[in-house]
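Analysis of the macromolecular model
Listed below, chain by chain, are the residues.
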2 protein chains.
Amino acid sequence: MSKATLAQLSKSTKSVTDSAGQVRQQRNFLENLRNMAVFAYVVERRSFSAAARDLGVTTSAVSQQIRALEEEMGIVLMHRSTRKLSLTESGEAFYQSCQEMVEAAEQGRSRVNELRDDVVGDLRIATTPELCVNHIVPALSQWMQSHPQLNIHFEVENKNIDLIESRIDIALRMSPGLADSSMVARPLFQVNQILCASPEYLARYAPIKTPEDLQQHTMIAMELLKEPSQCEFIDPVTGKRLSVLLNARLFTNNVFLMKSLCTTGQGLMRVLHIDVQKELANGELIEVLPEWPMPGYTLYALTLRRERQPLKVTRCLEALLQHFSQLPIRH
Amino acid sequence: MSKATLAQLSKSTKSVTDSAGQVRQQRNFLENLRNMAVFAYVVERRSFSAAARDLGVTTSAVSQQIRALEEEMGIVLMHRSTRKLSLTESGEAFYQSCQEMVEAAEQGRSRVNELRDDVVGDLRIATTPELCVNHIVPALSQWMQSHPQLNIHFEVENKNIDLIESRIDIALRMSPGLADSSMVARPLFQVNQILCASPEYLARYAPIKTPEDLQQHTMIAMELLKEPSQCEFIDPVTGKRLSVLLNARLFTNNVFLMKSLCTTGQGLMRVLHIDVQKELANGELIEVLPEWPMPGYTLYALTLRRERQPLKVTRCLEALLQHFSQLPIRH
DNA sequence: AAGCATTACGGCGTACGTAATGATT
DNA sequence: AATCATTACGTACGCCGTAATGCTT
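Residues numbered from 1 in each chain as written. Chains lettered and ligands numbered in written order. Predicted model: local features only at pLDDT ≥ 70, side-chain atom pairs only at ≥ 80, totals over all residues. Heavy atoms only, no water.

The next thing to look at is the overall build of chain A. The secondary structure content of chain A amounts to ten helices and 14 strands. Every one of the 331 residues in chain A was classed for burial, and the buried ones make up 46%. Taking the intrachain contacts of chain A between residues at least 6 apart in sequence as the baseline, contacts between residues at least 24 apart amount to 74%. Counting only carbon and sulfur atoms, one obtains 50% of the accessible surface of chain A, whose full area is about 16800 Å². (Helix = DSSP H or I, 4+ residues; strand = E, 2+ residues; numbered from the N terminus. Buried < 20%, exposed > 50% of the residue type's maximum accessible area, 1.4 Å probe, protein only. Contact = heavy atoms within 4.5 Å. Areas by Shrake-Rupley, 256 points an atom, 1.4 Å probe, with all protein chains shown as cover.)

See the structure below:
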């Protein structure tokens, strides 16, 4: 009340009255939605008691709802003569809308239930290009085919997309996530890093027998990594870690380009084993210091933390886990 | 609880569970309508606080509503990061329906308001044919023309139509109504009854000087009246009433037919003055015992008792009262 | 620092059930 | 007699506001 009084001092009386009325109107509008639905049920069943049974309330409740609705609307909606209900003109018109209202609400609910409980709709997956081509698509190929109702979007970027903004359901990343508690990370499998170069390069420059030798060499740097031009190794004897900082002149954010640069002999590159499997097999690239393992990365599937994921998301995660659990240990 | 237990004893557990679930579902459905509307507002305004202001509640309330909705639906509808709201796929789909729901509800309300506050839609009037032709149409002619948005239905019957069943807004009757408290009767004006006959008839049969002379005569009876073959008079000297029972051989429920029978000399008839004005003027019929007035009828406008009539009804009643108040006293 | 969303908590309001009444078949 | 709608009344539940907290810009 004091609020209203204050407002009256600063604004014109009329506008205040109007806006207060508006608000009041709105609130009553909300209150009446349930009554409108009850009204629709009553009209459909042509009986207060039948509607009450359907709705799981007493006829008393129904009667009170209709009365309240009529009072609020300021008009008689139906004439009731104990055995027979008959709509007024207003009631008839109003029923149309109530009916539509209920229908829209029911449709909304059923659609949501469907999206929650069936593998339908859209599934949006964020990955990097290489991961996507090399592993995600193979991992999901069969699963995708068995769910023709599901549209799958691969949002392929070399940066970490914001899950919320881009509506990503599942993101596949090497980093376990940004320590954001709104997300949950599930490790999928372990990927190994290797250092490699083209045969030409290795032939041309100083031989590499130990990590220390690397300091004479040039690195093609992947910008997305924390320390692009640094290499970490695990001593095969002691198990201790050691880091070597290389020179880097070429930088890129694209693995394909990096591979291209590497195969043409521009330098060494640190890359995931899975990204160069083919090139290693056909001799285009050669692993450097194979006896010095580098620390691996873990591939994570990230989702937003929810108490209840849509079924399609959990099923997709299952399919991913299933696939990766079958892979051999050395990737 | 005891109720449910009893039900379980009499029916199969499964069916009971289902039906109980159904009911529960329905009730929650009703509860959620308001939440769905709130959700729609939030999405539209892209803000909890803005929606709250619009709706005249606190953000706290809005937050609780959305939470409740999400819990009930078992799914996240929107991701909220303090400054930004973003719908999930389910939320997007759900919003569509909520939007439609709100729209239907608003449309229903505005339509009802229109029907209540404007002279639009349908107006259903019940009368007898003669009343309609002789008085109602003339009374409303101008008013009807000034409301082109209004459709007027004349339900013309020689019996008293059930107002509810036939959706009559206004009934015009001679009897003040069936003492039904669900209706309200407004007297419009006083109509006089007269006794008349054709000149041929009067010339052919015994002269009529006093009411007692009538007992020698034959009456054409209007079935719809309480005592069709009886005539009541008011003694012009003493003011006392006296009744005379005439013979009646011809019965009908139609005034036009009655007039036709009367003009062809089949007998006397008791009729409203307004129904034979023309015939009296051109000499086709002659009033009998003009110095002995008969008790008049009152023309009533009957409506169903409502706390609030649609505007068109009250306006129509006004037009009728207006018209009849202008008429000369002797009808 | 200001605006926004969330949560816990408690009080108020109300919607519902119970029971009695009236109406209709 | 049975079913249905209405009303009065009291209670229990749920909704919302207050206040405190955390988060973002």
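As a further point, take the sheet that holds strand β5 (residues 170-173) of chain B. All names here are of chain B. Across the sheet, five strands lie side by side as β4-β3-β5-β14-β6; this open sheet has mixed pairing. One side of each edge strand has no neighbouring strand; the edge strands of this open sheet are β4 (150-156) and β6 (183-191). Averaged over neighbouring strand pairs, the angle between their axes works out to 20 degrees when direction is ignored. Two strands pair when backbone bridges link them, and strand β3 (residues 121-127) and β4 are joined in this way by seven bridges, in the parallel orientation. Note that in β4 the partner of I125 across the bridge is F154. (Pairing = 2+ DSSP bridges. Axes fitted to C-alpha atoms, helices over the stretch in contact; angles between N-to-C directions.)

It is worth spelling out the environment of E212(A) at this point. All names here are of chain A. By secondary structure assignment, the location of E212 is in the loop between α7 (199-204) and β8 (218-222). Judged by relative accessible area, which is 43%, E212 ranks as partly exposed. Taking the C-alpha atoms as reference points, E212 and L246, separated by 34 residues in sequence, lie 9.8 Å from one another.

Residue and element names in this part refer to chain B. At a minimum axis distance of 9 Å, the contact between helix α6 (residues 129-145) and helix α10 (residues 311-326) shows a crossing angle of 115 degrees. Looking at the two axes, α6 sits roughly perpendicular to α10. Crossing hand, α6 versus α10: right-handed. The residues of α10 that touch α6, namely those facing H135, I136, P138, A139, L140 and W143, are K312, R315, C316, A319, L320, H323 and F324. Class assignment for the residues of the contact of α6 with α10 results in nine nonpolar, two polar and two charged. (Parallel < 35°, antiparallel > 145°, perpendicular 65-115°, else oblique. Left-handed = near helix turned anticlockwise from the far one by under 90°. Nonpolar A, V, L, I, M, F, W, Y, C, P; charged D, E, K, R; others polar.)

This part is about the nonpolar core. Among the nonpolar cores identified, the biggest contains 62 residues, and L33(A), F39(A), M101(A), L33(B), F39(B) and M101(B) are the most heavily contacted of them. Elements represented by at least two residues in this core include exactly α2 (13-45), α3 (48-55), α4 (59-73) and α5 (89-117) of chain A together with α2 (13-45), α3 (48-55), α4 (59-73) and α5 (89-117) of chain B. Formed by 26 residues, the second largest nonpolar core is a distinct cluster that contains I125(A), A139(A), A301(A) and L317(A). (Core = buried A, V, L, I, M, F, W, Y, C linked by side-chain atoms within 4.5 Å.)

Moving on to the relation of the copies chain B and chain A. For the pair of chain copies, the relating transformation is a rotation about an axis with a translation along it. Expressed as a screw transformation, the operator carrying chain B onto chain A has a rotation angle of 180 degrees and an axial translation of 0.1 Å, and the superposed copies differ by an RMSD of 0.2 Å. The operation mapping one copy onto its partner corresponds to a two-fold rotation axis. Of the C-alpha atoms belonging to chain B, the one lying closest to the rotation axis is found on M101(B), 2.2 Å away. (Least-squares fit on C-alpha atoms with pLDDT ≥ 70 in both.)

Attention now goes to the interface of chain B and chain A. The interface is formed by 59 residues belonging to chain B together with 59 residues belonging to chain A. Both sides of the chain B and chain A interface together cover about 5400 Å² of buried area, and 59% of this is carbon and sulfur. Applying the counting rule to chain B against chain A returns 18 residue pairs in polar contact (both at pLDDT 80 or more). Taken together, the residues that form the side of chain B that touches chain A break down as 25 nonpolar, 13 polar and 21 charged. (Buried area = accessible area lost by both parts, 1.4 Å probe. Polar contact = N/O pair within 3.5 Å; in protein donor to acceptor, adjacent residues only side chain to side chain.)

Residue and element names in this part refer to chain A. Spatially, the five strands line up as an open sheet ordered β11-β8-β12-β7-β13, and their pairing is mixed. Only two strands of the sheet have a single neighbouring strand rather than two, namely β11 (247-252) and β13 (286-288). Averaged over all neighbouring strand pairs, the angle between strand axes comes to 40 degrees, with direction disregarded. For β8 and β11, the ladder comprises five bridges, and the chain directions are parallel. Directly across from M222, in β11, lies its bridge partner T252.

The next subject is the pattern of salt bridges. All names here are of chain B. Summed over all chains, the structure comprises 24 salt bridges over all chains. In this structure, E71 and R67 form a salt bridge, with 3.4 Å as the shortest nitrogen-oxygen distance. A residue pair is termed a helical-turn pair when its members lie 3 or 4 positions apart in one helix, as E71 and R67 do in helix α4 at four residues. On the basis of relative accessible area, R67 is assigned to the exposed category, the value being 52%. (Salt bridge = Lys/Arg side-chain N within 4 Å of Asp/Glu carboxyl O.)

Before going further, it helps to examine the confidence of the model for chain A. For chain A, the average pLDDT comes to 84, and 88% of its residues sit at 70 or higher. Confidence over residues 1-21 of chain A falls short of pLDDT 50; this stretch has four contacts with residues more than four positions distant or in other chains. (pLDDT = per-residue confidence, 0-100.)

What follows is about the environment of R116(A). One can find R116(A) in helix α5. In this structure, the C-alpha to C-alpha distance between R116(A) and A68(A), residues 48 residues apart in sequence, is 36 Å. Apart from residues lying up to four places away in sequence, R116(A) is in contact with R308(A), P310(A), L311(A), M73(B), G74(B) and I75(B).

As a further point, take the packing of aromatic side chains. Applying the stated rule across the entire model yields eight aromatic pairs over all chains. Considering the side-chain rings of F39(A) and F94(A), the 5.7 Å spacing of their centres and the 35 degrees angle between planes classify their relative orientation as tilted. Linking F39(A) in helix α2 with F94(A) in helix α5, this pair joins segments that are 55 residues apart in sequence. For F94(A), a relative accessible area of 0% corresponds to the buried category. Plain terms: the ring middles of F233(B) and W292(B) are 6.4 Å apart, the flat faces sit at 85 degrees to each other, and that makes the pair edge-to-face. Residue F233(B) is located in strand β9 (residues 230-234), and its partner W292(B) is located in the loop between β13 (286-288) and β14 (297-304); the two are separated by 59 residues in the primary sequence. On the accessibility criterion, F233(B) (0% relative accessible area) is buried. Overall, W292(B) belongs to the buried group, its relative accessible area being 16%. (Phe/Tyr/Trp six-rings, centres within 6.5 Å; stacked < 30°, edge-to-face > 60°.)

A separate point is helix α9 (residues 273-281) of chain B. Residue and element names in this part refer to chain B. Among all positions in α9, only H273, I274, D275, V276 and E279 are buried. Residues of α9 that are buried in the fold lie against α6, β6, β7 (193-197), α8 (255-263) and β12 (268-272). Of the residues flanking the end of α9, it is G283, one or two places downstream, whose phi is positive at about 85 degrees.

Residues and elements named next belong to chain B. One ladder, built from five bridges, connects β9 with strand β10 (residues 241-245); its direction is antiparallel. Paired with I234 across the two strands is R241, which belongs to β10. Count of turn residues in the β9/β10 antiparallel hairpin: six residues, of which G239 carries a positive phi of about 80 degrees.

Our focus in this paragraph is a negative patch on the surface. All names here are of chain A. A surface patch of negative charge is lined by E44, E100, E103 and E106. Among the elements that make up the negative patch, the one with the highest residue count is α5 (three residues). Along the chain, E103 turns up in helix α5. The exposure class assigned to E103 is partly exposed, which follows from its relative accessible area of 44%. (Patch = residues over 30% accessible without salt bridge, like charges linked within 9 Å, V, L, I, M, F, W, Y side chains within 5 Å. Lys, Arg positive; Asp, Glu negative; His and termini not counted. Charge placed at Lys NZ, Arg CZ, Asp CG, Glu CD.)

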